Amino acid sequence: MEAPPVTVMPVTGGTINMMEYLLQGSVLDQGLESLLHRLRGLCDNLEPETFKDHELVYFLKGQQGSPFILRARRSLSHPNAPWHVRYLGQPELGDKSRHALVRNCVDVSASHSLPEFLNEMGFRMDHEFVTSGRIFRKGAMKIVVGSVSRMLVPGNTENVEQISLSSLIELSILAPAGQDTVSEDMRSFAEQLRPLIHLDKVDPAKQRH
Amino acid sequence: MQQREEKQLEASVESLTSRVSLVQNALQSFINKLENEYERLAWPSVLDNFALLSGQLNSINKLLKNEKTPSFRSQVIIPLLLSPDRDEDLAKLTEMRVPVFSHEIVPDYLRTKPDPEVEEQEKQLSAEAARIGPEVAQKQIQALNKMCSSLLEKLNNPREERDSDSTARQNKQSFNPADTNLLVSAIAFGKGLSKCRPPCPVPPGHSGQGPMMSGGPTLQQVTIGGKMPSSIKTNIKSASASMHPYNR
């Protein structure tokens, strides 16, 4: 659920040193309305954009080590919009002084032949999911509230099933490397959403097994 | 003895007037604020004004209940002189509210009985009360008591309900940390998601299998390599063994 399939930050002249600062949390369905209400009050856009995206995660397996992962996304609500490829680096938790998880992030728009292209390159799709929800903005911050659904039939985005009774919330900022001050803003924004939700650095590696 | 009482009365009347004038001033300034500064009047300052007034009224109450204060009720005021002419001193004393001490207004100001209309109503009520039998009256008293107590209960209960409501809201979790982990791991590496579609040959949940597979043959080669020297050795041995006869 990183971003809608639009180029958030075009790669120009090798500007790939953008980092994504990220805080994650979840809200149960019964708390969703009050959260949306509060976000409407806190954020710049009164009526959030809605999105429904299909994300395909491609692995390129080398001889050893972990595979190289690319995430391809397309909007289901705007079929004509370009696809979106995203590379995410290893997340760094950092110490207590940094309030957000940081990871390298490269976003590129792509044409609709992206899956074929990736397949030709040797990438293989590992998993896919559908995510839908709303996007709020406050300054440079992006707040995505959405549900994640597994696809019951591979490739069929109509036949989906929500994997949890909670919606995922991601609060993120794209910033050049080393600008840890943005994490302060994120922390204070996250504080305003308490005790409704708790946004924190979630290390996915800890949940792997 | 009488002189002391008189002095006491005078002193208490003086302190009473000073306190009443304090209330008057506070009321005036409050009304003034309400009328002229209502646009920037903050609620806390309104509350402050109320607190001031209630404090001053309280102190008047205390003064009246004080043992040293003689009972004003037992004092009698008799109008000695009535005149239809304007009395400047009186007007000044009453802030222009009572300019004349005449026959017209004295009965109003020195009245100790209720207003005539009130008196009339009271008469009606007592007549009605006399008409009802004591049993009926008892029943009505009970009904009224019941109503009052249930009303009191209702007034007190909402506070409890409200309190319990807010604590319940605080206790009721609107998020579940386990769900956060589930969702994060789902989008991070597809945990719990249907993995793989037909064109993808790798079975689900084995991201590390690719390298293992490619490692497989190398391992085999190593074992073959390990065996080879031994066979060579035996070859050498057998060779040496076969050579021995020649040497012998």
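What you see is a predicted model, and the numbers here were worked out from it, not measured in a lab.

Trainee: Sorry if this is basic, but what is going on with the overall build of chain B here?
Mentor: If you tally the helices and strands in chain B, you get eight helices and zero strands. For chain B, the sequential pattern of α-helices and β-strands runs α-α-α-α-α-α-α-α. Element-wise, carbon and sulfur atoms account for 58% of the exposed surface of chain B, whose accessible area totals about 20500 Å².

Trainee: In this structure, what is going on with the overall build of chain A? I would like to understand it.
Mentor: When helices and strands are counted, chain A shows three helices and nine strands. Shown N-terminal to C-terminal, the secondary structure of chain A runs as helices and strands in the order β-α-β-β-β-β-α-β-β-β-β-α. Counting every position in chain A, which comprises 209 residues, the buried fraction comes to 49%. Element-wise, carbon and sulfur atoms account for 53% of the exposed surface of chain A, whose accessible area totals about 9700 Å².

Trainee: So what exactly am I meant to see when it comes to the pattern of salt bridges here?
Mentor: Pairing between side chains of opposite charge can happen when their charged atoms approach one another. All names here are of chain A. On inspection of all chains with the given rule, the structure shows 16 salt bridges over all chains. For the salt bridge of D107 with R86, the shortest nitrogen-to-oxygen distance reads 2.6 Å. Taken together, the residues span a long stretch of sequence, with D107 in strand β5 (residues 101–110) and R86 in strand β4 (residues 83–88) at a distance of 21 residues. Neither D107 nor R86 differs from the other in exposure class; each is buried.

Trainee: I keep staring at a negative patch on the surface and nothing clicks. Help me out?
Mentor: There is a patch of like negative charges on the surface, built from B:E5, B:E6, B:E10 and B:E14. In this structure, B:E5 sits in helix α1 (residues 2–36).

Trainee: What exactly am I supposed to notice about a nonpolar patch on the surface here?
Mentor: Residue and element names in this part refer to chain B. Together, V76, I78, L80 and L81 make up a nonpolar patch on the protein surface, roughly 530 Å² of accessible area in all. With respect to the element layout, L80 can be found in the loop between α2 (43–65) and α3 (88–93). A residue is classified by how much of its surface remains accessible, and L80, at 79% relative accessible area, is exposed.

Trainee: Would you mind going over the pairing of β5(A) with me for this structure?
Mentor: The side chains of a regular strand alternate between both faces of the sheet. Residue and element names in this part refer to chain A. Within β5, seven of the 10 residues are buried, which leaves the element mostly enclosed by the surrounding structure. Looking at chain direction, strand β1 (residues 18–28) and β5 are connected through four bridges and run antiparallel. Residue pairing for β5: M19 is matched across the bridge by N104. Bridge count for β4 against β5 is six bridges, and the pairing is antiparallel. Paired with R86 across the two strands is D107, which belongs to β5.

Trainee: Please clarify how the packing of aromatic side chains should be interpreted in this entry.
Mentor: What describes a pair of aromatic rings is the distance from one ring centre to the other and the angle between the planes of the rings. All chains considered together, the criterion is met by three aromatic pairs over all chains. Here the aromatic rings of A:F68 and A:Y87 are separated by 5.3 Å at their centres, their planes lie at 10°, and the arrangement is stacked. Separated by 19 residues along the polypeptide, A:F68 in strand β3 (residues 68–75) and A:Y87 in strand β4 bring together distant segments of the chain. For A:Y87, a relative accessible area of 29% puts it in the partly exposed group. Pairing B:F30 with B:F50 gives two aromatic rings, centres 5.3 Å apart and planes at 75°, and the pair type is edge-to-face. On the criterion of sequence distance, the pair formed by B:F30 in helix α1 and B:F50 in helix α2 is long-range, its members being 20 residues apart. Put simply, the rings of A:F68, A:Y87 and A:F123 pair up and form one aromatic cluster.

Trainee: What should I look at first to understand α1(B) in this one?
Mentor: In an α-helix there are 3.6 residues to a turn, and that puts residues three or four apart on one side. Residue and element names in this part refer to chain B. A rise of 1.5 Å per residue sets the reference length of α1, with its 35 residues, at 51 Å; its end C-alpha atoms lie 50 Å apart and thus fit the reference within 8%. All of the buried residues along α1 are S12, S15, L16, V23, A26 and F30. The secondary structure elements touched by the buried residues of α1 are α2.

Trainee: Just to check I follow, could you spell out the pairing of strand β9 (residues 166–176) of chain A for this structure?
Mentor: Residue and element names in this part refer to chain A. Of all the 11 residues making up β9, nine are buried; the element is thus mostly covered by neighbouring parts of the structure. Taken together, the five bridges between strand β7 (residues 141–151) and β9 define a ladder with antiparallel strand orientation. Note that in β9 the partner of V144 across the bridge is E170.

Trainee: Would you take a moment to explain the nonpolar core for this structure?
Mentor: One broad trend across soluble globular proteins is that nonpolar side chains are buried collectively. By size, the foremost hydrophobic cluster in this structure holds 28 residues, and its most contacted members are A:L35, A:L39, A:I143, A:V145 and A:L171. If you list the elements that add at least two residues to this core, you get β1, α1 (29–42), β7, β9 and α3 (182–192) of chain A. What A:V145 contacts, discounting residues up to four positions off in sequence, is A:L32, A:L35, A:L36, A:L39, A:F51, A:S132, A:G133, A:R134, A:F136, A:S167, A:L168 and A:I169. Core analysis: the second largest hydrophobic core is formed by 12 residues, A:I163, B:V184, B:I187 and B:L193 among them.

Cut-offs used in this document
- Residues numbered from 1 in each chain as written.
- Chains lettered and ligands numbered in written order.
- Predicted model: local features only at pLDDT ≥ 70, side-chain atom pairs only at ≥ 80, totals over all residues.
- Heavy atoms only, no water.
- Helix = DSSP H or I, 4+ residues; strand = E, 2+ residues; numbered from the N terminus.
- Areas by Shrake-Rupley, 256 points an atom, 1.4 Å probe, with all protein chains shown as cover.
- Buried < 20%, exposed > 50% of the residue type's maximum accessible area, 1.4 Å probe, protein only.
- Salt bridge = Lys/Arg side-chain N within 4 Å of Asp/Glu carboxyl O.
- Patch = residues over 30% accessible without salt bridge, like charges linked within 9 Å, V, L, I, M, F, W, Y side chains within 5 Å.
- Lys, Arg positive; Asp, Glu negative; His and termini not counted.
- Charge placed at Lys NZ, Arg CZ, Asp CG, Glu CD.
- Pairing = 2+ DSSP bridges.
- Phe/Tyr/Trp six-rings, centres within 6.5 Å; stacked < 30°, edge-to-face > 60°.
- Expected span 1.5 Å × (residues − 1).
- Contact = heavy atoms within 4.5 Å.
- Core = buried A, V, L, I, M, F, W, Y, C linked by side-chain atoms within 4.5 Å.

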